[in-house]
Amino acid sequence: MGQLHGIPLALKDNIASERLPTTAGTAALAGARATTGARDAGVAERLYAEGALLLGKNTMHELAMGWTSDNPHFGRVGNPHAPQRIAGGSSGGSAAAVAAFMVPAAIGSDTNGSIRIPAALCGVAGFRPSVGRYPTEGVVPLSHTLDTVGPIARSAADLALLDAVMSGQPPQAPPRSLAGVRLALSPRYYLSRLEPEVERAFERARRRLAAHGVCWVEADVPDLHALADGIAPTLIGHESARALPDWLAARTGGVSMHRLMAEAGADLHEALHAAQQTVNSSAARDGYRAALRRRMALGGALQRYFAQHAVLALVHPVARVAAPLASAPEARRSPAPAVPLAAGGLMTAREAFGQNVSPASIAALPSVVLPAGFTRDGLPVGIAFDAPHGSDARLLALAQALQQALQHPPEQDAPGAKPGSAVHTLEPQALP
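Residues numbered from 1 in each chain as written. Predicted model: local features only at pLDDT ≥ 70, side-chain atom pairs only at ≥ 80, totals over all residues. Heavy atoms only, no water.

A.B. asks: Sorry, what's going on with the overall build of the protein chain here?
C.D. replies: Check the secondary structure of the protein chain and you find 14 helices and 16 strands. Computed over C-alpha atoms, the radius of gyration of the protein chain comes to 20 Å, within 12% of the 22 Å expected from 2.2 N^0.38 for 432 residues, which places it in the range of a compact globule. Principal axes of the C-alpha set define a box for the protein chain whose edges measure 60 × 60 × 40 Å. Taking all 432 residues of the protein chain together, 59% fall into the buried category. Taking contacts inside the protein chain between residues at least 6 apart in sequence as the whole, the part at least 24 apart equals 75%. Entry remark: accessible area of the protein chain is about 16,700 Å², with carbon and sulfur atoms responsible for 55%. Considering the protein chain, the positive charge centre built from 37 side chains and the negative charge centre built from 34 side chains are found 2 Å apart. (Helix = DSSP H or I, 4+ residues; strand = E, 2+ residues; numbered from the N terminus. Rg over C-alpha atoms; globule rule 2.2 N^0.38 Å. Buried < 20%, exposed > 50% of the residue type's maximum accessible area, 1.4 Å probe, protein only. Contact = heavy atoms within 4.5 Å. Areas by Shrake-Rupley, 256 points an atom, 1.4 Å probe, with all protein chains shown as cover. Lys, Arg positive; Asp, Glu negative; His and termini not counted. Charge placed at Lys NZ, Arg CZ, Asp CG, Glu CD.)

Structural data, given as structure tokens:
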């Protein structure tokens, strides 16, 4: 009997499956299956080998290029806590399915926040592993330097179990106590311009962890704005312009890049066309090489930061805002232009959703997202724990203790919240 025997899971619809179509949320691939001789994605094979059952595929933001999961072809993903609000993207269907108790866990993908943002907005746990920890064969590509798959579940313990299956490496036991655990805050970059309700939830979570013995180290990562700005979009734009045509030729049996662009949503069509037109220009190549150099510099700066301050993780809110209304401008276009703030005014979508997740993406760091409470309107707030590259098992073990601390005593501001209600397990129950 495998570790996941009989447990139903769902896959984001950019993860190849022989049994169901893999559309990547785009019209040209509707009904498409892998070509003859192809097989399930490597990560899916590992899950099936341990007894997991494929319940279905989750809808997503088109081609994983957006933060809302408002899909022009297959419909909008509603947030289970407030259906009129976005679920986040691009793995919005995966996070919403877990939050709505449709499945105990789902597998998403994360290039620049696509697991972490919907996990935070939907109030569930999510894990972006170190790049290279899981196989990405059979996953519709965007950026070979940033792409990874990862699990979404309702507890850190479930994330650790799924990680063990997908990585083939044994899990670590969680610490018995958080006393003396050193976690870092970098306020200038991660804690500026938070919506008041997000800031309130984050501060409450920080105090709760301190009460359980966590030692907070407040120190800004030097020059983080300058190091991180613009790298992720440059890498994604350049690498996807090469990867998508190659993947289509190898995996779809004849769907061309021209057809994919012609049938894509109007906003995405323009971005795809521009990337195809410029990918071979000298300016694009120079910009790409510069982004790769800056990526290395950012990775080195973060590794030095962890070592200098002797911290296990860097902690921050995932998004600066709670889930916005789906009728807002950011839910109608990708890339999203602006996000309306609860107190009035606008924030760029890249700042609202992308800024806090980008450093871990660029530096290939593992990051765990845990539910941290709710706004007064009942909207979830998630916090991320970014750790040094390769420390995945240690981070997942720590996350189990962190989640228990965050839930004790139980939150009182979540409508209908009950003690321990957010903790579930994938462990098979003994049959009578």
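A.B. asks: Hey, could you run me through the packing of aromatic side chains in this one?
C.D. replies: Using the criterion set out here, one finds 3 aromatic pairs in the structure. With centroids separated by 6.4 Å and ring planes inclined at 50°, the aromatic side chains of Trp67 and Phe353 adopt a geometry described as tilted. Remark: Phe353 occurs in helix α12 (residues 349–354) and Trp67 occurs in the loop between β2 (53–58) and β3 (70–71); sequence separation between them is 286 residues. Accessibility classification places Trp67 together with Phe353 in one group, the buried group. A ring pair is formed by Tyr305 and Phe306, whose centres lie 6.2 Å apart and whose planes are at 70°; its orientation type is edge-to-face. Across this residue pair, the class does not change: Tyr305 and Phe306 are buried. Across the ring face of Tyr48, the terminal group of Arg19 is positioned such that the distance to the ring centre comes to 4.4 Å. (Phe/Tyr/Trp six-rings, centres within 6.5 Å; stacked < 30°, edge-to-face > 60°. Lys NZ or Arg CZ within 6 Å of the ring centre and 35° of its normal.)

A.B. asks: Sorry if this is basic, but what is going on with the nonpolar core here?
C.D. replies: Generally speaking, soluble globular proteins have nonpolar side chains that are buried together. Within the largest apolar cluster, 82 residues are counted, with the highest numbers of intra-cluster contacts made by Leu4, Leu47, Leu178, Leu183, Leu209, Leu370 and Phe385. A total of 8 residues in this core trace back to one element, the largest contributor, which is helix α14 (residues 392–406). Setting aside residues up to four positions removed in sequence, Leu209 forms contacts with Leu178, Val214, Trp216, Phe385, Leu402, Ala405 and Leu406. With 34 residues, the next largest nonpolar core counts Ile86, Val321, Val339 and Met347 among its residues. (Core = buried A, V, L, I, M, F, W, Y, C linked by side-chain atoms within 4.5 Å.)

A.B. asks: How should the side chain of Asn79 be read in this particular structure?
C.D. replies: Structurally, Asn79 is set in strand β5 (residues 78–79). Asn79 sits in the buried class, given a relative accessible area of 1%. At a separation of 3.0 Å, a polar atom in the side chain of Asn79 contacts the main-chain carbonyl oxygen of Ile86. Look past the residues within four positions of Asn79 in its chain and what remains in contact with it is Arg85, Ile86, Ala87, Leu121, Cys122 and Ala323. (Polar contact = N/O pair within 3.5 Å; in protein donor to acceptor, adjacent residues only side chain to side chain.)

A.B. asks: Is there a simple way to think about the packing of helix α8 (residues 231–251) against helix α10 (residues 266–278) in this case?
C.D. replies: Each pair of packed helices gets described by two things: the angle between the helix axes and the distance between those axes. It is at 9 Å that the axes of α8 and α10 come closest, and there the two elements cross at 90°. Considering the angle they form, α8 stands roughly perpendicular to α10. Residues Gly237, Ala241, Leu244 and Pro245 of α8 touch α10, and the partners they reach there are Leu272, Ala275 and Gln276. Considered class by class, the residues forming the contact of α8 with α10 number 5 nonpolar, 2 polar and no charged. (Axes fitted to C-alpha atoms, helices over the stretch in contact; angles between N-to-C directions. Parallel < 35°, antiparallel > 145°, perpendicular 65-115°, else oblique. Nonpolar A, V, L, I, M, F, W, Y, C, P; charged D, E, K, R; others polar.)

A.B. asks: Please explain helix α2 (residues 92–99) as it appears in this structure.
C.D. replies: Structurally, the α-helix is built with 3.6 residues per turn, so residues lying three or four positions apart point the same way. Within α2, 8 of the 8 residues are buried, which leaves the element mostly enclosed by the surrounding structure. Buried residues of α2: Gly92, Gly93, Ser94, Ala95, Ala96, Ala97, Val98 and Ala99, and no others. Phi turns positive one or two residues past the end of α2, at Phe101, with a value near 65°.

A.B. asks: Quick question: what am I supposed to make of the packing of α8 against helix α11 (residues 282–309) here?
C.D. replies: Between α8 and α11, the least distance of the axes is 9 Å, while the angle of their chain directions is 130°. By the angle between their directions, the pair α8 and α11 is classed as oblique. As for the relative orientation of α8 and α11, their crossing is left-handed in sense. Judged by residue contacts, Ile231, Thr234, Leu235, His238 and Glu239 of α8 engage Ala284, Arg285, Gly287, Tyr288, Ala291, Leu292, Arg294 and Arg295 from α11. Tallied by class, residues from the contact of α8 with α11 come to 6 nonpolar, 3 polar and 4 charged. (Left-handed = near helix turned anticlockwise from the far one by under 90°.)

A.B. asks: Which parts of the structure should I look at to understand the pairing of strand β12 (residues 313–317)?
C.D. replies: The side chains of a regular strand alternate between the sheet's two faces. The element β12 is largely enclosed, with a buried count of 5 among its 5 residues. The alternating pattern of β12 places Ala313, Val315 and Pro317 on one face and Leu314 and His316 on the opposite face, and all of these are buried. Pairing of strand β10 (residues 182–185) with β12, which is carried by 2 bridges, proceeds in the parallel orientation. Counted as the bridge partner of Ala184 is Leu314 from β12. Direction of pairing for β12 relative to strand β16 (residues 380–386): antiparallel, over a ladder of 4 bridges. In the sheet register, Val315 faces β16, and the bridge partner there is Phe385. (Pairing = 2+ DSSP bridges.)

A.B. asks: Would you explain unusual backbone geometry in this entry?
C.D. replies: Comment: phi is negative for the bulk of residues other than glycine, and the bulk of peptide bonds are trans. The omega angle of the peptide bond from Gly89 to Ser90 is 10°, so this bond is cis rather than trans. In this fold, Ser90 is placed in the loop between β6 (82–86) and α2. Although it is not a glycine, Ala364 adopts a positive phi angle of roughly 65°.

A.B. asks: Just to check I follow, could you spell out α10 for this structure?
C.D. replies: For α10, which comprises 13 residues, the first-to-last C-alpha distance of 19 Å matches the rise-based estimate of 18 Å (1.5 Å per residue) to within 8%. Among the residues of α10, those classed as buried are Leu268, Leu272 and Ala275. Taken end-on, α10 shows its buried residues confined to a sector of 60°, consistent with a single buried face. In α10, the exposed positions that point more than 90 degrees away from the buried face belong to Ala266, Glu270 and Gln277. Tucked inside the fold, the buried residues of α10 contact α8 and α9 (257–263). (Expected span 1.5 Å × (residues − 1). Arc of directions from axis to C-beta.)

Just geometry here; none of it tells us what the structure is for.
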